[in-house]
Structures are given as C-alpha cells and as structure tokens.
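What follows is the residue order along each chain.
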Amino acid sequence: QVQVVESGGGLVQAGGSLRLSCAASGSMRSINSMGWYRQAPGKQRELVASFTTAGSTRYADSVKGRFTISRDNAKNTVDLQMNSLKPEDTAVYYCNAVVVLTTTLVENRYWGQGTQVTVSS
C-alpha cells in the first residue's frame, strides 16, 4: 500500500504566504511524478504544479511566478511554496503521486486527503 500525506495549509490574508508539504510512503519501486492539485467549491479539480516523469516542472498559468514546487527525492516529498496569495487561490489542495508498486510493477495514482487553504481579502 501507498500513503500520501499532506501538511500545511490554513487561513491567510491576501498577499500572504503558505507552504504545503507532501510525503509518499509505502511499497514503492519508483515515483514517476508528484504534484499538487486544487479544487474550489463548485469547480473541477485542477493542476496547480507538478514534476513530470522527465523531471521538469509545470504550473497552472494562474500561479506562475507566485508558487514554487520543490522536491526531495531521497525523502519522497514534494513541497509547494505559495506567495502573493489571492482569494481565488482558496481551495482544498491535494497532493498526487504516480507510483510504480514494488509488488505488481504497475503504475498507480494516489491522492492525499487534502488540506484547506483559505485566503481572505
């Protein structure tokens, strides 16, 4: 089994900063990609930032220049530094890991439980 656990989040005023952290653990042969998604009320879940299989990063246009994703491969963690937050960034943020399992060698996608980020105006 694989567990994906997020931490961080909370309430911040517009213009402030928050840092989210995510750790993946379990019977993993490899992690092909990790990233952050978010879902606001009444909206679909959307990509915020992620590391691709090739190791490059991609960001949603709405967060470019404000959010930075980083990772520690040795610890299987990925962080999201969020600066200059806006009320429209308010959402539940989910960590995602695409993992090849040790037991089956099959690629699977795992989600964390989500963490609330609320930006007040």
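Per chain, the residues get numbers from 1 upward, laid out in the order the sequence is written. At least 70 in pLDDT is required for a residue's local features to be given in this predicted model, at least 80 for side-chain atom pairs to be given and counted, and no such filter applies to totals for whole chains, interfaces and linings, which use all residues. Side-chain measures here rest on the full set of heavy atoms in the structure, leaving out hydrogens and waters.

A.B. asks: Mind showing me how you'd approach the side chain of Arg66 here?
C.D. replies: Positionally, Arg66 belongs in the loop between β6 (57-59) and β7 (67-72). Whether two residues touch is decided by their heavy atoms; if any such pair falls within 4.5 Å, the residues are in contact. Setting aside residues no more than four positions away along its own chain, Arg66 makes contact with Gln81, Met82, Asn83, Ser84, Leu85, Lys86 and Asp89. Counting from the N terminus, the helices are DSSP H or I runs at least four residues long and the strands are E runs at least two residues long.

A.B. asks: Explain unusual backbone geometry to me, please; I cannot follow it from the model alone.
C.D. replies: Trans peptide bonds make up the majority, and among non-glycine residues the majority have a negative phi. One non-glycine residue, Asn76, lies in positive phi territory at about 55°. Its location among the elements puts Asn76 in the loop between β7 and β8 (77-82). In the Ramachandran plot, Leu105 falls in the positive-phi region, its phi being about 60° despite a non-glycine side chain.

A.B. asks: How should I be thinking about the sheet that holds β7 in this particular structure?
C.D. replies: Remark on secondary structure: sheet strands pair via backbone hydrogen bonds, oriented parallel or antiparallel. Any two strands are treated as partners once DSSP identifies two or more bridges connecting them. Taken together, 4 strands build an open sheet; the order of strands is β1-β3-β8-β7 and the sheet is antiparallel. What marks the edges here is a single partner per strand, and that holds for β1 (2-8) and β7. Within the sheet, the average angular offset between the axes of one strand and its neighbour, ignoring direction, is 15°. Pairing geometry for β7 and β8, over 6 bridges, is antiparallel. Residue pairing for β8: Asp72 is matched across the bridge by Thr77. The axes are straight lines fitted to the C-alpha atoms, using for helices just the contacting stretch, and the angles between their N-to-C directions are given from 0 to 180°.

A.B. asks: I keep staring at the layout of surface pockets and nothing clicks. Help me out?
C.D. replies: Over the atoms rolls a probe the size of a water molecule, and its path tells where empty space is left. Cavity and pocket criteria rest on a 1 Å grid covering protein atoms alone: a 1.4 Å probe that fits but cannot get out defines a cavity, protein on both sides within 12 Å along at least 5 of 7 lines defines an open pocket, and an atom within 4 Å of a point defines a lining residue. Grid points are joined across faces, edges and corners, and a volume is the space filled by probe spheres set on the points. What the largest pocket holds in volume is close to 160 Å³. Around the largest pocket, the lining residues are Ile31, Asn32, Ser33, Met34, Phe51, Thr52, Thr53, Arg71, Asp72, Asn73, Asn76 and Thr77. At the level of elements, β4 (28-39) and β7 are the ones that each hand at least two residues to the lining of the largest pocket. Considering only residue class, the lining of the largest pocket consists of 3 nonpolar, 7 polar and 2 charged. Think of it as three bins: nonpolar holds Ala, Val, Leu, Ile, Met, Phe, Trp, Tyr, Cys and Pro, charged holds Asp, Glu, Lys and Arg, and polar takes everything else, Gly as well.

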